[in-house]
Amino acid sequence: MPANCTHNTSPRRFNTNESLFSLKQYDYQGYYTGPLKDLKTIIEVNTDASTKGLQAITRFGSNSNQIATARILTAFVYLTITDRWGDIPYSQALSGKANFTPAFDPQKDIYTALMKELDEAQKQFDGGATIPAQQDILFGGDITKWKHWANSLHAIMALRLSKVDPTTGRAEYAKAVAGGLMDSNNDNATYVYLAAQTNENPYYGNYRSRYDYAVSSLVVNTLSGLNDPRLPVYAAQTASKTYVGLPYGTSGAALGQYSKGTRSKPGNISLIGIKVSDQNSPTVWTSFAQVMFTQAEAAHLGWITGGDAAAATFYNKGVAASLEQNGVSSSDESAYLAQASVKFSAATAMNQIMTQKWIAGFLGNGWESWAEYRRTGLPKLLDPVPGSLSPDQKIPRRQQYPQTENDLNKANYNAVIARQGPDALNTRVYWDKQ
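What comes next concerns the included structure. Quick caveat: nothing in here was measured; it's all calculated off a predicted structure. (Residues numbered from 1 in each chain as written. Predicted model: local features only at pLDDT ≥ 70, side-chain atom pairs only at ≥ 80, totals over all residues. Heavy atoms only, no water.)

**Some details on the overall build of the protein**
And then number 1: Secondary structure summary: the protein contains 17 helices and six strands in total.
And then number 2: Each of the three principal axes of the protein carries a C-alpha extent, and together these read 65 × 50 × 45 Å.
And then number 3: A fraction of 72% describes how many contacts in the protein between residues 6 or more apart in sequence connect residues 24 or more apart.
And then number 4: Between the averaged position of the 40 positive side-chain charges in the protein and that of its 36 negative side-chain charges there is a distance of 4 Å. (Helix = DSSP H or I, 4+ residues; strand = E, 2+ residues; numbered from the N terminus. Contact = heavy atoms within 4.5 Å. Lys, Arg positive; Asp, Glu negative; His and termini not counted. Charge placed at Lys NZ, Arg CZ, Asp CG, Glu CD.)

So, in C-alpha cells, the structure goes:
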C-alpha cells in the first residue's frame with residue numbers, strides 16, 4: 001500500500017523491503033480468529049436464552065445495546081478485510097467445525113450486506129443500560145456516537161461505489177446522511193493506547209530500540225510546500241533542526257547517504273513526531289475530518305445539495321477539524337486556509353479534497369487511505385515506485401490471499417480466482433475502476 005512512512009527492519013541499516021512491496025501474501029486469519037470471533041461470541045451470549053439474563057452478561061449493558069455495538073464493530077472489521085483482499089469469506093465464515101472451507105463472497109454482495117448490518121444495528125439500540133464507559137474504549141458508552149460512526153462508515157462505503165455503481169452509491173449515501181454523521185472531533189472513533197508497555201502505541205515500542213520508521217519525503221515535501229502547521233506534529237526534526245523525509249522507494253546503495261539517528265540524537269532524516277508516536281498517543285480509525293472530506297466530495301459530485309459552495313464549506317471544516325485534532329491553534333488554522341495553495345477551488349476540487357484527506361489520515365487507518373487512493377488515483381503519489389517488486393513496479397491494487405487458502409480451501413480458492421481475477425497484487429477489487 002502507499003505509505004506515509006518508510007520502513008526498515010534493522011537497528012544498524014535501512015531495509016525498505018516493505019516499502020517496495022516485497023511481501024505479497026498477507027494472512028487475514030488473525031481477523032477471523034481474533035476480533036471477529038470475539039464479537040460473534042458477544043452477540044451469541046446476548047442472544048442465547050440460557051446466558052443473556054446472567055448478571056455476568058447484563059452488567060455490560062442491555063443485550064440489545066451490546067449486540068448493536070458488536071455488529072457495528074464487526075462491519076468495520078469486515079470492511080477492512082474486503083477492501084484489502086477483495087472477495088473474502090463472509091456469509092459462511094466463523095462457522096467453526098461446521099465449515100472449515102467457507103466460500104468467498106463477492107465484494108459487491110459484502111458491501112450490500114455490511115450497509116444492511118449498519119442500518120439494522122442502529123435500530124437495535126434500546127433504552128436499556130448502556131455499556132459502562134470503562135468497558136467502551138471507543139465511545140465511553142455514548143450510543144449517539146456509535147450511531148454516528150455507523151452512519152459515517154455507511155457513507156464512506158457508499159462513496160466507494162462512485163465509479164462502479166454511482167446510482168446505488170448516491171442512494172445509500174443519502175440514507176447515511178439522513179441517519180446522522182459525525183458532527184465534531186468528539187465523535188472520532190479513537191483507539192486510545194496506554195502509558196504502559198502492556199498496551200502502548202506500536203511506534204513508541206518500535207522506537208524504544210530499533211528506530212525502524214522514517215517519515216516519507218512525500219509527506220514532508222507536501223506539508224512543507226503547503227506551509228502546513230501539522231509538519232512538526234507528524235515529523236521530528238533532524239540534527240540540523242530541519243524536516244527531511246526518506247525518499248519513498250529508496251533502496252540498496254542509495255540508502256547509504258541517510259542516517260536515521262535516535263530520538264535523543266537525530267540523524268539527517270526525520271523520524272515520526274513524538275506527539276503522534278508517544279507511548280499513549282491515540283490512533284483514530286475514523287475521524288470527523290475524514291467524514292467532512294467525504295461530504296465535500298459528495299457535494300462536488302452532486303450527491304448532496306449545495307454544489308461546490310457546499311463542497312468548499314465541508315472542505316474547510318475537514319481541514320479545520322484535522323488541524324484541531326493535531327493541536328493547531330485557530331489563528332494558524334485561519335492563516336493556513338487563506339493560502340492560495342490551500343483555498344478551495346472548484347477547478348481542482350478533487351485533488352484538494354483527496355490531498356487534505358490523505359494528510360489528515362496520517363498514522364490513522366492506513367487501509368482507508370490506500371482504498372481512497374485506489375478509488376480516485378489521488379493524491380498523486382510516486383507510482384510506479386522505483387525498485388518495487390510489484391507488477392510493473394506499480395502501487396498494489398490489493399493483497400494476495402494467505403497460502404492456507406490455496407492449501408486447505410482449494411476449491412473455493414480456485415472459484416474466487418476464476419471470478420475476481422488472478423491472486424495478484426495488480427488485480428483490482430470490485431469498486432476499483434479509476
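**Quick notes on the packing of aromatic side chains**
And then number 1: This model, assessed by the stated rule, comprises 23 aromatic pairs.
And then number 2: Here F139 and W146 contribute two aromatic rings whose centre-to-centre distance is 5.1 Å and whose plane-to-plane angle is 75 degrees, an arrangement assigned as edge-to-face.
And then number 3: Each member of the aromatic cluster is reached from another via a ring pair, and the members are Y28, Y31, Y32, Y78, W85, Y90, F104, Y401 and Y413.
And then number 4: R84 extends its terminal NZ or CZ atom over the ring of W367, reaching a point 3.6 Å from the ring centre.
And then number 5: Between the NZ or CZ atom of R374 and the centre of the ring of W370, over which it lies, the distance is 3.8 Å. (Phe/Tyr/Trp six-rings, centres within 6.5 Å; stacked < 30°, edge-to-face > 60°. Lys NZ or Arg CZ within 6 Å of the ring centre and 35° of its normal.)

**Structural notes on unusual backbone geometry**
And then number 1: At the junction of L378 and P379, the peptide bond is cis and its omega measures out at -5 degrees in the coordinates.
And then number 2: Here P379 lies in the loop between helix 15 (366-376) and helix 16 (403-408).
And then number 3: Of the consecutive residues D383 and P384, the connecting peptide bond is found in the cis state with omega at 10 degrees.
And then number 4: Turning to its location among the elements, P384 is positioned in the loop between helix 15 and helix 16.
And then number 5: Although it is not a glycine, N227 adopts a positive phi angle of roughly 50 degrees.

**Here's the deal with the pattern of salt bridges**
And then number 1: With the rule as written, the count across this model stands at 19 salt bridges.
And then number 2: Of the charged contacts, one joins K116 and E120 as a salt bridge, the two residues approaching to 2.6 Å between their closest N and O atoms. With a gap of four residues between them, K116 and E120 both fall in helix 4 (residues 107-124), about one helical turn apart.
And then number 3: On the accessibility criterion, E120 (30% relative accessible area) is partly exposed.
And then number 4: Across the pair K394 and D383 runs a salt bridge, and its minimum N-O distance is 3.8 Å. One end of the pair, K394, is in the loop between helix 15 and helix 16; the other, D383, is in the loop between helix 15 and helix 16, with 11 residues separating them in the sequence.
And then number 5: Since its relative accessible area comes to 37%, K394 is described here as partly exposed. (Salt bridge = Lys/Arg side-chain N within 4 Å of Asp/Glu carboxyl O. Buried < 20%, exposed > 50% of the residue type's maximum accessible area, 1.4 Å probe, protein only.)

**Side note on the layout of surface pockets**
And then number 1: Taken as a whole, the second largest pocket encloses approximately 530 Å³ of empty space.
And then number 2: The wall of the second largest pocket is formed by 20 residues, among which Q29, Y32, T33, L94 and G96 lie closest to the centre.
And then number 3: Residue assignment for the lining of the second largest pocket shows that the elements contributing at least two residues are helix 1 (29-45) and helix 16.
And then number 4: It is helix 1 that provides the largest number of residues to the lining of the second largest pocket, a total of seven residues.
And then number 5: Among the residues forming the lining of the second largest pocket, the class breakdown is eight nonpolar, eight polar and four charged. (1 Å grid on protein atoms, 1.4 Å probe; cavity = no way out; pocket = protein on both sides within 12 Å on 5 of 7 lines; lining within 4 Å. Points joined across faces, edges and corners; volume = space filled by probe spheres on them. Nonpolar A, V, L, I, M, F, W, Y, C, P; charged D, E, K, R; others polar.)

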